[in-house]
Amino acid sequence: MNQDSYDLRTDMVMLRNSDSISGILRSGNALWVNIFLSLSLLWTACGGGKTAAPSTAPSTPSLPPTTPAGAIPVQYWGLHVLDVKDFPALVPYGEFRNWDTQAQWPQVETCAPNPASNPISTDPCFDWSTFDAETSSLLNNPFTVSSVATFQVNDIAYTLNRTPSWASPKPNDTTCNGLSPAPGQCDLPSDINADGSGTDATWKTWVTALATHTNGLDDPTGTYTQTHAHIKYYEPWNEWYRNPEVTNWSGAVSVYATYAQMLRLTEDARCIITGKGTIHNYPAAGASTPCTATAIDSSAMIMAPSSASDETAYQAVMQNFLYCNGTGTAAPFANSMCNWSGQNWGSDAVDIINFHFYASFAQSTPEMVVSSEIPTIRAFLDSTDAAKPLWNGEGSWGLVTQPQDIWANDPYAQAGFIPRMFALYWSAGVSQNFFYSYESFLFTTSSGTLMQPQATAWTTTYNWLVDGTPTQNPFCRTGQFGFSSTVYSCQFKRASGNAALLVWDAQYGPGGTTSLNCTNSATPLICGSTSITVPSTYSKDWIDMSGAVHPFSSTLSVGANPILLEAP
């Protein structure tokens, strides 16, 4: 892989290395040293082109029956496109998250606007040029869906955070990570106090301006919303667990914020945008004020400020934001202002439960995310939150320049990761899946070409699963059809109406019990050698990750990279 492909511009290197990928630099993670020391041994033992024997590993934990009803929608294919010059994307996708682009808070609100400006979004301190270029490209570059219709990317997700330097109380604070340069972007404006009180006027002005602009309320021609994608989903802050106020975080900081401050940011955003909710600790600490604002967009949805799934401490940040009821190692830190135990204030402020489900380190795989991490999260959600959409706000195989990333140096394993992630996350009840990112893992900016085989695997996965309807719950299971316990199979009906079965053996490749570098193996497109007897239903053909169609065979070899079996 061309290492330069991970960076959009030279001045964004620090962004790529520290802020974008959830948990890439886990400075407080005790596994760091062990992973680093053992990885060279792991890769030495990968075996190159050797053919692995069938596994006798213990059965993978069963997956809970949480697969959403109905077909897998186009919108499930979420993508981050980081640079406006890379539009239109050369792969299909159905949803967009505006994060790590050149249209975040510091680039849009460049100075302190005049409060008398009406509407506030028209004040000269707001520069909407890049934001408008992105949203215009999204709506005006439709792509073919299922070879039948065209699809425009609309109703996007937007992450509100990163304090502009002019609004930061510590504009020279170099402990922050974010857009390069990032000093002061992790420090909240001084008009919101640690206990959540204060006017919060700086934040409210920003949120008001953004919602006003994306809904076209500042456009005298009345045509803005017909020519630009619209924000439907608002996220108050990205990965706020990277914060020494709430975790033992020692790396670059996303935000210095107490639970009360994050609750206040979320409640103020909800009130301004949707006209709903209650504002706690306003106008003073301990007060509760019903929202009386006129909704700018009553149909908009508020995402929970994102956390990560791969550490108990990071999961606890979400639990405590919602309920402040963590105990033991999950208990809120002293002085973190988590003061609504027994109340659901955080839960009441959000419509979507929002995690970042990366799978990068040690034995971390999509299979482990869905069999271990997601069930742990569901266990602390109350019935109201369990019924809300569960989103993957970011996910991929992580930053391959870090030596502990088990997916590094193996492009074919990365390609196989894509269908495994999209199938398994849907199976586990994740209803929106944002891949991070186009320029990082699918497209090389310097040459303007798609990375292979990853980009082809993305499009193949899309063609396999989009508009497909799972015919079992959970969608993906182990040990079906007499297959071994490490073989996953996902039954569904394709958009064409044909029955199909997605199959792979998770014992192979990165994180598997049988060490194998897919790219260096004898069969990179398959990456393994488990023999299966094909169920008689699927007697039409089978398709590999490259999209190549092969004639039916009653026995096949499967490995880490999924294949699709089709019925007549």
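Note: the structure precedes this text.
Residues numbered from 1 in each chain as written. Predicted model: local features only at pLDDT ≥ 70, side-chain atom pairs only at ≥ 80, totals over all residues. Heavy atoms only, no water.

1. Let's talk about the pairing of strand β20 (residues 530–533)
Taken residue by residue, a regular strand's side chains alternate between the two faces of the sheet.
Now for step 1: Going residue by residue along β20, you find T530 and I532 tucked away on one face and S531 and T533 left uncovered on the opposite face.
Now for step 2: In this sheet, strand β23 (residues 555–558) lies alongside β20 in antiparallel orientation, the contact comprising 4 bridges. Its bridge partner being in β23, I532 is matched across the sheet by L556. (Buried < 20%, exposed > 50% of the residue type's maximum accessible area, 1.4 Å probe, protein only. Helix = DSSP H or I, 4+ residues; strand = E, 2+ residues; numbered from the N terminus. Pairing = 2+ DSSP bridges.)

2. Quick notes on the pattern of salt bridges
When charged atoms on two side chains of opposite charge get close, those side chains can pair.
Now for step 1: One pass over the full model with this rule turns up 10 salt bridges.
Now for step 2: For R242, the salt bridge goes to E239, with nearest N and O atoms at 3.0 Å.
Now for step 3: Overlapping salt bridges bring together R97, E235 and E394 as one network. (Salt bridge = Lys/Arg side-chain N within 4 Å of Asp/Glu carboxyl O.)

3. Regarding the environment of F435
Now for step 1: Checked against the element boundaries, F435 lands in strand β13 (residues 430–435).
Now for step 2: Excluding residues within four positions of it along the chain, F435 makes contact with G78, L79, H80, G395, S396, W397, I418, M421, F441, L442 and W458. (Contact = heavy atoms within 4.5 Å.)

4. Description of the state of the cysteines
Linking two cysteines covalently via their sulfur atoms produces the bond known as a disulfide.
Now for step 1: Enumeration according to the criterion identifies 6 disulfides in this entry.
Now for step 2: Two residues share a disulfide in this structure: C271 and C291, whose sulfurs sit 2.1 Å from each other. On the sign convention where negative is left-handed, the bridge of C271 and C291, at about 85 degrees about the S-S bond, is right-handed. Placement of C271 in helix α7 (residues 259–274) and of C291 in the loop between β8 (288–290) and β9 (301–302) is noted, with a sequence separation of 20 residues between them. Accessibility classification places C271 together with C291 in one group, the buried group.
Now for step 3: The side chain of C476 participates in a disulfide bridge whose partner is C490; the two sulfur atoms lie 2.1 Å from each other. Given an S-S torsion of about 110 degrees, the disulfide between C476 and C490 has right-handed geometry. (Disulfide = S-S within 2.5 Å.)

5. Details of the environment of F422
Now for step 1: Tracing the backbone through its elements, the reader meets F422 in helix α12 (residues 411–427).
Now for step 2: Discounting residues that sit within four places of it in the chain, F422 has contacts with Y76, W77, N433, W458, T461 and L465.

6. So, the environment of S440
Now for step 1: In this structure, S440 sits in helix α13 (residues 438–441).
Now for step 2: Under the relative-accessibility criterion, S440 is labelled buried at 0%.
Now for step 3: Through-space distance from the C-alpha of S440 to that of S396 is 9.9 Å; in sequence the pair is 44 residues apart.
Now for step 4: Among the polar contacts listed, one links the side chain of S440 to the side chain of S437, at a separation of 2.4 Å. (Polar contact = N/O pair within 3.5 Å; in protein donor to acceptor, adjacent residues only side chain to side chain.)

7. A closer look at the side chain of H230
Now for step 1: When you line up the elements, H230 lands in the loop between α6 (224–227) and β6 (231–235).
Now for step 2: A polar atom in the side chain of H230 sits 3.1 Å from the side chain of N215.
Now for step 3: Excluding residues within four positions of it along the chain, H230 makes contact with N154, D155, I156, T214, N215 and D297.

8. Considering the pairing of strand β5 (residues 156–159)
Now for step 1: Of the two faces of β5, the one holding I156 and Y158 and the one holding A157 and T159 are both buried throughout.
Now for step 2: The pairing of strand β2 (residues 95–98) with β5 spans 2 bridges and is parallel. By the bridge assignment, R97 is partnered in β5 with A157.
Now for step 3: Here β5 pairs with β6 via 4 bridges, running parallel. Within β6, the position partnered with A157 by the bridge is Y233.

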